[in-house]
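Summary of structural features
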Amino acid sequence: MNRAQSIISLQTQPHWDILVIGGGATGLSCALDAASRGYKTLLVEKNDFAKGTSSRSTKLVHGGVRYLAQGNIRLVREALHERGRLIRNAPHVCTRKAFVVPCYKWWHAWYYGAGLWLYEFLSGKWSLGPTRLLSVKNTLKHLPSLSAQQLRGGILYFDGCFDDTRLAINLAQTAAEQGATVLNYAGVTSFVKEKGSITGACVYDSIGGHTYTVKAKAVINATGVFADELLKLAENKAMETIVPSQGIHLVADKRFFSGDAALMIPETDDKRVLFAVPWHDKVLLGTTDTFMDHIAEEPTALPSEVDFVISHINRYLSVPLSRGDISSVFAGLRPLAKNKGAGKTSVMPRDHQVEVLASGLIHVTGGKWTTCRSMAEHALDRAAKHAGLPPAPCRTRNLRIHGWCATMHEADHLAIYGADAAGIRQLMEQDEKWSTPIHKNYPYTAAEVLWMVRHEMAITTEDILSRRLRLLFLDAAAAVEAAPVVTRILADELQQNSNWMEEQLARFNEVAKGYMLL
Ligand code: FAD
């Protein structure tokens, strides 16, 4: 995956089978599906890959216990099967994790236990392990930080956990290996039409400052919560189909939540579920569901949301958390469907939809990270038919994702790179300076930054610290401290001057403010 090569493809190949707009979970999965079927595929992303909702998830590869409570059995079963495929195809980024639901009333064990038994049953051959009841002693063994007061036991079940942006980068790499051209910092600014039907788009490369006109037999809109802007361009009329709902996460030190299992709180005051998930040596707490009146590229957590998560989690912890213990906070936006005519909002089922609009634009919405593969399969079936492309079967069910490796040799933080860890180690062995950590409290090395510039299309300080290394999501203050070192490595590798470095740092520090609880 190389940006200079992608730009050359854009300049030299004006005709494509499939153009995918948006480089989040949905768009990247569509590009991978299309390229692996043999279609000539171009994916363009206005920002960096996964800059939108796809970097801001709860990091669960799951069927959705909550949707089970809503009676949506088909959705849960499909997601559980996709969970199994994802863990099999990308074992270096998606792993099995034990979850525990603590029980404080006698009926909790039976009520939640029955639901979680059904949850496991629905996963069929993709089961990650049996659901079972735990004694008080065993509950505390799995969740040592849990308050023991009035605890009656717990339920143990298994689900998946992942690093969303590492998977996004690996999906982009896999798509490129399958022949797709993928490009970050390249946004669609208008559509090309013939007799009212979309036949291509104008793409602005914000790094090079050029606009390219590309033709495609099918154009897929995978812009998530930003979709209305594209719909307006495509259909020549104002379209307001989406209302954003925000979900936030807080990240705290692992000492507040020891042990390896995750905690699932089955019912919050607003009838949602809340998770505490061990993630990269920290604990991630969330999430919320708050209607917002605008769509921001960098949404920020509301004080009321922060208080909600802290107050709920403190009901379960033996040592309570305070705002000062939070090392990072991040927010993401869900696209909720706006009811036609009524001007009201309703929760869009986390099921996906694929529509071919009057302009011919193929519009993909909904779904979740866990089901992005099946969503893409459905979208490409429709797109190929619509464009009259030669039929080709979907090949992603068993397709290994970049970095796949049979056995994880790395016991350290490099394990997340899977097969690429060997390349990073080689860089470290070549020159001692690449083994230097970029921050005194974290294991991340200069070699990883170099690797990300050379192999993962990282261009800015934010690309590295936010979506490649995740330090901004784990510890915002440490990310700000590491930014000058990271920017220097980037500048040397990309041959940029001191003005560029100053600009990068200023931009990154501005973004980082939104991840700190002041
Ligand atoms: P996005 O990731 O938003 O991608 C759309 C992309 O389009 C953006 O990168 C944007 O920059 C780009 N774009 C916009 N306009 C243009 C343009 N003109 N040209 C080019 N590109 C453009 N799912 C799970 O499976 N597990 C979870 O634990 C989970 N937790 C979640 C928690 C929260 C709080 C939220 C909000 C969602 C969660 N989800 C989870 C759902 C999952 O994150 C989303 O379904 C998924 O990330 C949506 O991806 P997307 O590609 O559709 O949208």
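Please refer to the structure placed before this passage.
With four of five residues buried, strand 18 (residues 362–366) is to be regarded as a mostly interior element. Relative to strand 18, strand 17 (residues 352–356) is paired through five bridges, and the arrangement is antiparallel. Looking at strand 18, one finds that V356 is bridged to I362. Here strand 17 folds back onto strand 18 in antiparallel fashion, the turn holding five residues, of which G360 has a positive phi close to 95°.

Taken together, 37 residues lie near the ligand, and T26, E45, S54, L60 and T370 sit nearest. For the ligand, a nitrogen atom lies 3.1 Å from a polar atom in the backbone of K46. G367 has a polar backbone atom sitting 3.3 Å from an oxygen atom of the ligand. Isolated, the ligand exposes 1,000 Å² of accessible area, and the fraction of that covered by the protein chains is 94%.

Turning our attention to the layout of surface pockets. A volume near 1,000 Å³ is recorded for the second largest pocket. In this structure, the second largest pocket is lined by 40 residues; those nearest its centre are P278, W279, H280, D281 and K282. Those elements that provide at least two residues to the lining of the second largest pocket are strand 4 (94–103), strand 6 (153–162), strand 13 (274–279) and strand 16 (326–337). Per-element tally for the lining of the second largest pocket: the top contributor is strand 4, with four residues. A class-by-class count of the residues in the lining of the second largest pocket yields 17 nonpolar, seven polar and 16 charged.

Using the criterion set out here, one finds three cavities of 30 Å³ or more in the structure. Here the largest cavity defines a volume of roughly 150 Å³. Surrounding the largest cavity, 15 residues form its lining, L32, L86, L171, R373 and I401 being those nearest its centre. Looking at the lining of the largest cavity, the elements that each hand over two or more residues are helix 2 (25–36), helix 4 (73–89) and helix 10 (372–387). The biggest single contributor to the lining of the largest cavity is helix 4, with four residues. Broken down by class, the residue content of the lining of the largest cavity amounts to seven nonpolar, four polar and four charged.

All right, on to the nonpolar core then. In this structure, I18 and L167 are the most contacted members of the largest nonpolar core, which totals 124 residues. It is helix 15 (residues 476–494) that provides the largest number of residues to this core, a total of nine residues. In this structure, I18 is in contact with A34, Y39, K40, T41, L42, A216, A218, I220, L380, A383 and L389, ignoring residues within four places of it in sequence. Within the second largest apolar cluster, 24 residues are counted, among which are A186, A201, V203 and Y212.

Attention now goes to the packing of helix 12 (residues 446–455) against helix 15. Between helix 12 and helix 15, the least distance of the axes is 10 Å, while the angle of their chain directions is 45°. One element, helix 12, and the other, helix 15, form an angle in the oblique class. With respect to the hand of their crossing, helix 12 and helix 15 are arranged in right-handed fashion. Two secondary-structure elements touch here, helix 12 through A446, V449, L450, V453 and R454 and helix 15 through V486, I489, L490, E493 and L494. Class assignment for the residues of the contact of helix 12 with helix 15 results in eight nonpolar, no polar and two charged.

The subject of this paragraph is a nonpolar patch on the surface. On the surface, W106, W107, W110, Y111 and L133 cluster together into a nonpolar patch covering about 670 Å² of accessible area. Tallying contributions element by element places helix 5 (residues 106–122) first for the nonpolar patch, with four residues. Relative to the elements of secondary structure, L133 occurs in strand 5 (residues 132–134). The partly exposed category is assigned to L133, whose relative accessible area is 43%.

Cut-offs used in this document
- Residues numbered from 1 in each chain as written.
- Predicted model: local features only at pLDDT ≥ 70, side-chain atom pairs only at ≥ 80, totals over all residues.
- Heavy atoms only, no water.
- Buried < 20%, exposed > 50% of the residue type's maximum accessible area, 1.4 Å probe, protein only.
- Helix = DSSP H or I, 4+ residues; strand = E, 2+ residues; numbered from the N terminus.
- Pairing = 2+ DSSP bridges.
- Near = heavy atom within 4 Å.
- Polar contact = N/O pair within 3.5 Å; in protein donor to acceptor, adjacent residues only side chain to side chain.
- Areas by Shrake-Rupley, 256 points an atom, 1.4 Å probe, with all protein chains shown as cover.
- 1 Å grid on protein atoms, 1.4 Å probe; cavity = no way out; pocket = protein on both sides within 12 Å on 5 of 7 lines; lining within 4 Å.
- Points joined across faces, edges and corners; volume = space filled by probe spheres on them.
- Nonpolar A, V, L, I, M, F, W, Y, C, P; charged D, E, K, R; others polar.
- Core = buried A, V, L, I, M, F, W, Y, C linked by side-chain atoms within 4.5 Å.
- Contact = heavy atoms within 4.5 Å.
- Axes fitted to C-alpha atoms, helices over the stretch in contact; angles between N-to-C directions.
- Parallel < 35°, antiparallel > 145°, perpendicular 65-115°, else oblique.
- Left-handed = near helix turned anticlockwise from the far one by under 90°.
- Patch = residues over 30% accessible without salt bridge, like charges linked within 9 Å, V, L, I, M, F, W, Y side chains within 5 Å.
- Salt bridge = Lys/Arg side-chain N within 4 Å of Asp/Glu carboxyl O.

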